Amino acid sequence: MNNTLRNSILALVAIIATIGGAYAAHSKPRLVVNIIVGTLRNDDIERFSDNLTQDGFKRIMNGGAYYTDAIYDFSHCSDASTLATIATGALPSDHGIVSDSWWSYADGSRISLIGDVKSHPVPFSTGSGNYSANRLIAPTMGDMLLSTNPDSKQFTIAIDPLSAIVLNGKSGTPIWAETNQTHWTTATAFAHTLPAWLDKYNRDDINERYTLSRWTPLYKASMYKNSEVAIMEGINNKHTMLLSDVNLKLTESAYGKMCYTPAGNTMLLKLAAAIIDKEGLGIDDNTDILNICLDSSRYIAQTYGPESLEYEDMIYRLDKDINELLSTLYGNAEDTSHIMVVITSAHGTSPSYNPVDRSERDRFNTRQMEVMVNAYLSAHHGSDSYILGYNDKAIYLNHKVILEKKLSIDDIRDEVAVFLLQLRGIATARSSTALRNSAFIEGRARLMQHSFYASRSGDILFDLMPGWIIEDSSYRSSAVGGYSYDRHVPIMIYGGGITTKMVDQQVDMSHLAPTICHSIGIDAPWSSEGTTLP
């Protein structure tokens with residue numbers, strides 16, 4: 001071999017080695033930041049795009065993969081069930097989280113998904129912390145990551161402990177806000193003490209810096225698409241319509257200001273930046289995960305409605321907060337492959353039941369329903385207490401009473417399901433017997449079956465008519481109807497080597513977790529089917 005050929009081969013080998021090394025270093029992100037907006041419809045970004053900055057949502061949309069129409073393929077979009085689907089890549093029928101609580105047929109008690117008397121607030125915490133992940137069934141992305149690589153880290157932050165724990169799973173550290181001073185806390189099921197830096201963060205009352213003493217519009221009122229207003233000040237626009245039925249005292253406490261104004265989102269994203277810095281997330285090849293659930297967006301949507309200036313202003317302020325977080329994460333670097341940012345939503349929300357300029361939509365009184373069902377059964381089978389309880393569009397029967405009367409539980413379930421169809425506002429009702437023993441392949445029955453988990457769901461599940469919500473004096477809007485306005489959300493993925501593209505075809509939200517797991521080189525959560533996004 002002559003020297004020229006030898007040198008050429010050596011040079012080629014060196015180039016291949018260099019390329020291979022760079023590829024290995026960038027083959028998976030070192031940090032995944034999952035941002036879950038509590039409420040965001042799939043068309044909100046487009047609707048409000050004229051007032052969005054170029055460096056917030058639009059930076060993610062235009063520079064990453066933007067899925068315009070992701071859908072939850074089940075009917076009951078409770079906060080717990082949708083967050084669990086994001087974290088596990090599974091449907092409620094597989095991950096087992098159908099609500100924040102359910103009734104026990106054994107002793108008639110109500111069981112909390114995260115409640116645990118053996119877990120306590122960490123020392124120096126002023127909030128409640130009797131929570132754990134013991135009743136979570138399916139492993140999350142974070143559980144899979146830490147079981148694969150114990151040197152990786154996972155933190156999950158939210159205002160609501162339910163949001164933090166369900167997204168987090170059993171591994172890593174969920175952190176939530178206590179209700180007295182809005183300090184960040186956790187429970188002994190996850191950590192015995194707060195990190196020293198977080199303890200100081202609380203003592204310095206950092207959250208107070210971001211509280212909105214007066215909620216005024218970020219932009220001129222004439223720039224807003226929505227017209228209804230409840231508590232925002234400084235709006236001088238003749239087209240504005242005042243909401244009179246909203247509890248105006250919700251924002252009087254520090255915790256209320258956190259939950260019911262955009263300040264809660266800001267506080268969480270500031271905490272996220274502090275965690276990344278103080279915990280050294282993403283500094284080595286051991287991939288870390290940071291989950292952020294922005295509960296304030298849900299509280300604002302439910303309380304003031306998606307037609308309100310409050311909801312719209314929240315999105316504009318969140319856009320600026322995301323801009324700031326992205327600047328912290330990426331700076332001016334052109335290479336974004338080391339960090340992946342995912343933005344999606346726990347659910348959409350219904351139209352407000354009482355729009356200012358139109359007649360009220362109907363609401364469904366669940367207490368009246370319970371009384372009517374019990375009266376119906378008492379008339380046919382003798383007076384007694386046949387209803388154990390109600391929770392999230394599910395009726396739990398009193399099995400003890402039914403068995404003592406030597407009645408068939410399956411027959412009573414079917415009777416109640418048929419009776420419910422006579423009530424105004426109910427679109428469909430199915431017994432748990434039917435949901436267990438039949439395979440529904442289309443329509444609302446299929447979606448309901450995907451929401452059903454035999455040991456936790458009730459005896460009879462029902463859906464309301466489109467546009468109806470459960471009657472609740474604190475809600476103008478709700479996400480549990482299971483219609484298109486609840487189930488359709490966006491997905492945006494930026495960095496981490498993701499290909500820039502816009503996907504308009506409908507995709508399944510259960511495919512997000514396997515996609516993230518694939519990108520960081522670990523197995524998809526066990527309860528998921530492992531299908532990735534296109």
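In what follows, the structure referred to is the one given above.
Keep in mind it's a predicted model, so treat the numbers as computed, not measured. (Residues numbered from 1 in each chain as written. Predicted model: local features only at pLDDT ≥ 70, side-chain atom pairs only at ≥ 80, totals over all residues. Heavy atoms only, no water.)

Describing the packing of helix 10 (residues 263–278) against helix 12 (residues 309–330)
Reasoning step 1: Packing of helix 10 against helix 12 leaves a shortest axis separation of 10 Å and a crossing angle of 10°. Put simply, helix 10 runs roughly parallel to helix 12. Every residue of helix 12 that contacts helix 10 at Asn265, Thr266, Leu269, Lys270, Ala273 and Ile276 is listed here: Met314, Leu318, Asp321, Ile322, Glu324, Leu325, Thr328 and Leu329.
Reasoning step 2: Its residues assigned to classes, the contact of helix 10 with helix 12 comprises eight nonpolar, three polar and three charged. (Axes fitted to C-alpha atoms, helices over the stretch in contact; angles between N-to-C directions. Helix = DSSP H or I, 4+ residues; strand = E, 2+ residues; numbered from the N terminus. Parallel < 35°, antiparallel > 145°, perpendicular 65-115°, else oblique. Contact = heavy atoms within 4.5 Å. Nonpolar A, V, L, I, M, F, W, Y, C, P; charged D, E, K, R; others polar.)

Re the pairing of strand 10 (residues 288–294)
Reasoning step 1: Across the seven residues that make up strand 10, a large majority, seven, are buried.
Reasoning step 2: In strand 10, alternate side chains face the same way, and those of Asp288, Leu290, Ile292 and Leu294 on one face and Ile289, Asn291 and Cys293 on the other are all buried.
Reasoning step 3: Direction of pairing for strand 1 (residues 31–37) relative to strand 10: parallel, over a ladder of seven bridges. Looking at the pairing, Leu31 lines up with Asp288 of strand 10.
Reasoning step 4: Of the pairings in the sheet, the one linking strand 5 (residues 154–158) to strand 10 comprises five bridges and is parallel in character. Residue pairing for strand 10: Gln154 is matched across the bridge by Ile289. (Buried < 20%, exposed > 50% of the residue type's maximum accessible area, 1.4 Å probe, protein only. Pairing = 2+ DSSP bridges.)

Overview of the nonpolar core
Reasoning step 1: Core analysis: the largest hydrophobic core is formed by 73 residues, its most contacted members being Phe57, Trp184, Ile292 and Val341.
Reasoning step 2: A per-element tally of this core places helix 12 first, with 11 residues.
Reasoning step 3: Setting aside anything within four residues of it in sequence, one finds Val341 in contact with Val33, Ile35, Ile60, Leu326, Leu329, Tyr330, Met492, Ile493 and Tyr494.
Reasoning step 4: Counting residues in each nonpolar core, the second largest holds 59 residues, with Ala87, Met144, Phe190 and Leu533 among its members. (Core = buried A, V, L, I, M, F, W, Y, C linked by side-chain atoms within 4.5 Å.)

Considerations on empty space enclosed by the protein
Reasoning step 1: The full count for this structure, using the stated rule, is two cavities of 30 Å³ or more.
Reasoning step 2: Empty space within the largest cavity amounts to approximately 140 Å³.
Reasoning step 3: As for the largest cavity, its lining consists of 17 residues, and the residues nearest its centre are His76, Asp392, Lys393, Ala394 and Leu461.
Reasoning step 4: Only strand 14 (394–397) and strand 16 (460–464) provide two or more residues apiece to the lining of the largest cavity.
Reasoning step 5: By residue number, the principal contributor to the lining of the largest cavity is strand 16, which donates three residues.
Reasoning step 6: Split by residue class, the lining of the largest cavity holds six nonpolar, seven polar and four charged.
Reasoning step 7: One number sums up the size of the second largest cavity: a volume of about 50 Å³. (1 Å grid on protein atoms, 1.4 Å probe; cavity = no way out; pocket = protein on both sides within 12 Å on 5 of 7 lines; lining within 4 Å. Points joined across faces, edges and corners; volume = space filled by probe spheres on them.)

Here we look at helix 17 (residues 443–450)
In an α-helix there are 3.6 residues to a turn, and that puts residues three or four apart on one side.
Reasoning step 1: All buried positions along helix 17 are accounted for by Ala445, Leu447, Met448, Gln449 and His450.
Reasoning step 2: Those residues of helix 17 that are buried lie in contact with helix 5 (92–95), strand 15 (426–431), helix 16 (432–437), strand 16 and helix 18 (484–487).

A look at the packing of aromatic side chains
Reasoning step 1: Enumeration over the complete set of coordinates arrives at 15 aromatic pairs.
Reasoning step 2: Taking the centre distance of 5.6 Å and the plane angle of 45° together, the rings of Tyr260 and Tyr299 count as tilted. Taken as a pair, Tyr260 in helix 9 (residues 254–260) and Tyr299 in helix 11 (residues 295–304) lie far apart in primary sequence, 39 residues in all.
Reasoning step 3: Classification of Tyr299 by relative accessible area gives buried; the value is 12%.
Reasoning step 4: Taken together, Phe48, Tyr219, Tyr224 and Tyr316 form an aromatic cluster joined through their ring pairs.
Reasoning step 5: Positioned over the ring face of Tyr353 is Arg363, at 3.8 Å from the centre of the ring.
Reasoning step 6: Stacked on the ring of Tyr483, the Lys or Arg Arg444 has its end atom at 4.2 Å from the ring centre. (Phe/Tyr/Trp six-rings, centres within 6.5 Å; stacked < 30°, edge-to-face > 60°. Lys NZ or Arg CZ within 6 Å of the ring centre and 35° of its normal.)

Here we look at the environment of Ala187
Reasoning step 1: Tracing the backbone through its elements, the reader meets Ala187 in the loop between strand 7 (184–185) and helix 8 (196–203).
Reasoning step 2: Its relative accessible area of 0% is what places Ala187 among the buried residues.
Reasoning step 3: A C-alpha to C-alpha distance of 6.4 Å links Ala187 and Tyr131, two positions 56 residues apart in sequence.
Reasoning step 4: Those residues in contact with Ala187, other than ones at most four positions away along the chain, are Ser119, His120, Val122, Gly129, Tyr131 and Trp176.

Focus on the layout of surface pockets
Reasoning step 1: Counted as a void, the largest pocket has a volume near 850 Å³.
Reasoning step 2: Along the wall of the largest pocket there are 41 residues; nearest its centre are Asp79, Asp100, Arg298, Gln302 and Tyr475.
Reasoning step 3: Looking at the lining of the largest pocket, the elements with two or more residues in it are helix 4 (79–88), strand 4 (110–112), helix 7 (161–168), helix 9 and helix 11.
Reasoning step 4: Of the residues in the lining of the largest pocket, the class split is 18 nonpolar, 12 polar and 11 charged.
Reasoning step 5: Per-element accounting of the lining of the second largest pocket gives the leading share, four residues, to helix 19 (residues 512–519).
Reasoning step 6: Across the lining of the second largest pocket, the residue classes tally to seven nonpolar, eight polar and one charged.

Regarding the sheet that holds strand 13 (residues 387–390)
Reasoning step 1: The strand order 13-14-16-15 describes an open sheet built from four strands, whose pairing is antiparallel. Whereas interior strands pair on both sides, the edge strands pair on one side only; in this sheet they are strand 13 and strand 15. The average angle at which neighbouring strand axes cross in this sheet is 20°, direction not considered.
Reasoning step 2: Bridge count between strand 13 and strand 14: three bridges; the pairing is antiparallel. Considered in strand 14, the bridge of Ile387 is made with Leu397.

A closer look at the state of the cysteines
Reasoning step 1: One pass over the structure, following the stated rule, counts zero disulfides.
Reasoning step 2: Cysteine Cys77 shares no disulfide, and the gap to the nearest cysteine sulfur, in Cys293, comes to 14 Å.
Reasoning step 3: Left without a disulfide partner, Cys293 is nearest to the cysteine sulfur of Cys259, which lies 12 Å away. (Disulfide = S-S within 2.5 Å.)

As for the packing of helix 13 (residues 366–381) against helix 15 (residues 409–420)
Reasoning step 1: Across the interface, helix 13 lies against helix 15 with an axial gap of 11 Å and an inter-helix angle of 125°. Looking at the two axes, helix 13 sits oblique to helix 15. For the element pair helix 13 and helix 15, the recorded crossing hand is right-handed. Seen from helix 13, the contacting residues are Met369, Met372, Val373, Tyr376, Leu377 and His381; seen from helix 15, they are Ile412, Glu415, Val416, Phe419 and Leu420.
Reasoning step 2: Class assignment of the residues belonging to the contact of helix 13 with helix 15 gives a composition of nine nonpolar, one polar and one charged. (Left-handed = near helix turned anticlockwise from the far one by under 90°.)

The values reported here are purely geometric and, on their own, carry no functional implication.
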